[in-house]
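Fold and contact review
Chain residues, written in single-letter form:
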Amino acid sequence: MDLGIKGKKALVCAASKGLGRGCAFSLAREGVDVVITARTPGPLEATAEQIRKETGVTVTTVACDITTEDGRNQALAACPNPDILVNNAGGPPPGDFRDWDRDDWIKALDANMLTPIFLIKATVDGMIARKFGRVVNITSGAVKSPIEILGLSNGARAGLTGFIAGLSRKTVRHNVTINNLLPGPFDTDRLHTNMKVKADQAGISVAEMTAKRAAENPAGRFGTPEEFGDMCAFICSDQAGFMTGQNFLMDGGAYPGTL
Ligand code: NAP
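Residues numbered from 1 in each chain as written. Predicted model: local features only at pLDDT ≥ 70, side-chain atom pairs only at ≥ 80, totals over all residues. Heavy atoms only, no water.

**Brief notes about the nonpolar core**
Condition: Residues enter a nonpolar core if they are buried and are Ala, Val, Leu, Ile, Met, Phe, Trp, Tyr or Cys, with the set joined through side-chain atoms within 4.5 Å. The buried label applies to any residue whose accessible area, calculated with a 1.4 Å probe on protein chains only, is under 20% of its type's maximum; exposed applies above 50%, and partly exposed to all values in between. The numbering of helices and of strands both runs from the N terminus, where a helix is a DSSP run of H or I of at least 4 residues and a strand a run of E of at least 2. When checking whether two residues touch, look at their non-hydrogen atoms; a contact exists if any pair is within 4.5 Å.
Counting 34 residues, the largest nonpolar core has V12, L27, I36 and I84 as the members making the most contacts within it. For this core, the secondary structure elements donating two or more residues are β1 (9-12), α1 (18-29), β2 (33-38), α2 (41-55), β4 (84-87), β5 (133-138), α8 (225-235) and β7 (247-250). A total of 6 residues in this core trace back to one element, the largest contributor, which is α1. Not counting residues within four places of it along the chain, the set of residues in contact with L27 comprises I5, A10, V12, V32, V34, I84, V86, A233 and C236. Listed in part, the 22 residues of the second largest apolar core include L11, V35, L119 and M127.

**What about the side chain of T115?**
Operational definition: As used in this structure description, the phrase polar contact means that two N or O atoms lie within 3.5 Å; if the pair is within protein, one of them must be able to donate a hydrogen and the other to accept it, and residues adjacent in sequence are counted only when both atoms belong to side chains.
Tracing the backbone through its elements, the reader meets T115 in helix α4 (residues 102-130). In this structure the side chain of T115 is engaged in a polar contact, spanning 2.9 Å, whose partner is the side chain of R72. Leaving out residues up to four positions away in the same chain, T115 has contacts with I66, T67, R72 and D110.

**A closer look at the sheet that holds β5**
Using the following cut-off: Here, a strand pair is defined by DSSP locating no fewer than two bridges between the strands. In this analysis an axis means a line fitted to C-alpha atoms, helices contributing only their contacting stretch, and an angle means the value between N-to-C directions, from 0 to 180 degrees.
With respect to topology, 7 strands assemble into an open sheet ordered β3-β2-β1-β4-β5-β6-β7, the strand pairing being parallel. The open sheet has two edge strands, β3 (59-63) and β7, and neither has a second partner. Each strand of the sheet is rotated relative to its neighbour by a mean of 15°, with strand direction disregarded. Of the pairings in the sheet, the one linking β5 to strand β6 (residues 176-183) comprises 6 bridges and is parallel in character. Across the sheet, the residue bridging to R134 is T177, located in β6. Against the sheet, α2 contacts β2 and β3, and its axis sits at roughly 170° relative to β3. Relative to the sheet, α8 contacts β4, β5, β6 and β7, its axis offset from that of β6 by approximately 165°.

**Quick notes on empty space enclosed by the protein**
Condition: Cavity means a closed set of points on a 1 Å grid over the protein atoms alone, one where a 1.4 Å probe fits but cannot get out, pocket means an open set with protein on both sides within 12 Å along at least 5 of 7 lines, and lining means a residue has an atom within 4 Å of a point. Grid points are joined across faces, edges and corners, and a volume is the space filled by probe spheres set on the points. All amino acids are sorted into three groups, where Ala, Val, Leu, Ile, Met, Phe, Trp, Tyr, Cys and Pro are nonpolar, Asp, Glu, Lys and Arg are charged, and the leftover types, Gly among them, are polar.
Evaluation of the coordinates by the stated rule reveals 1 cavity of 30 Å³ or more. What the largest cavity holds in volume is close to 60 Å³. What lines the largest cavity is N87, N88, A89, A111, N112, T115, P116, N137, I138, R157 and L160. Looking at the lining of the largest cavity, the elements with two or more residues in it are α4, β5 and α5 (151-171). At 4 residues, the largest contribution of residues to the lining of the largest cavity is made by α4. Residue composition of the lining of the largest cavity, grouped by class: 5 nonpolar, 5 polar and 1 charged.

**Regarding unusual backbone geometry**
In this structure, K131 takes a positive phi of about 65° despite not being glycine. One can find K131 in the loop between α4 and β5. K131 gets classed as partly exposed once you look at its relative accessible area, which sits at 46%. A positive phi angle is found at N175, which is not glycine, with a value near 65°. You can see N175 is positioned in the loop between α5 and β6.

**Some thoughts on the pattern of salt bridges**
Rule in force here: We define a salt bridge as a contact between a side-chain nitrogen of Lys or Arg and a carboxyl oxygen of Asp or Glu at a distance within 4 Å.
All told, the structure shown has 9 salt bridges when counted by the stated rule. A salt bridge links R130 to D83; its shortest N-O distance comes to 3.7 Å. With R130 in helix α4 and D83 in the loop between α3 (69-78) and β4, this pair connects stretches of sequence that are 47 residues apart. Look at D83 and you get buried, because its relative accessible area is 10%. Here E216 ties to K212 by a salt bridge, and the two come within 2.8 Å at their closest N and O atoms. Taken together, the residues E216 and K212, both in helix α7 (residues 206-216) and 4 residues apart, mark about one turn of the helix. One network of salt bridges, in which partners are shared, links K212, R213 and E216.

This is the structure in structure tokens:
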């Protein structure tokens, strides 16, 4: 299927690795020029080069912390009028809520709630004026089914989800959709960090915990960044203009509810 977005411009945040990288790749394969961000220049440049080589699109890199105002300004300077915005940042650390103080909560809110809101604020009116816009927020399966050790993520992402539910109904009339993509367990660095915490808690090796968790998923495996990226690209497609305010869960069927 031709997704009808060749020649569009995308700002894909936190995209040198993992799910953001998967989204940048899938959009680029559809002919979308991408601006990608991450804090560490080395892996960011390496990813940019791989995307250029494979797809031939224009790839611009911005090495910045997207959770800061300065970082967002740098990203927006490189891509002031995106047609597509993929909001992403690292997830907050796991832990016990008794150990978290106000600063820990503010950091989580900045990264996983306020950064996407400010980037939408900076770009949505241009999308409305041009009569095309696709915003995808990478959130988490924790929005539907909270993960006990990820309380900071459960809280911050729920706030973003509530905000998006309201705004997305205001923009769709102008062919600007805003949706959330909720990863369950995907095979990325982030997942392996969480596996280490769980393995330490259970007193088993990381390899044992990883194999156990993959086997427990109804799909018998973790998801891949490529699968995630292709879903993101479809949500950004020309064909997806009648879908907004949705929370698309990709978790291999792990969430057990009927709806
Ligand atoms: P990952 O493999 O660790 O990759 C994170 C990417 O984000 C890297 O490119 C990293 O590069 C960049 N990044 C992190 N913090 C950043 C910041 N402040 N500014 C700019 N770039 C930043 O993580 P992932 O698994 O793809 O996870 C992506 C998001 O999905 C996270 O919020 C995570 O919590 C959520 N999630 C993931 C899973 C999963 O199974 N993988 C499940 C549920 C939710 P630098 O470090 O160089 O900045």
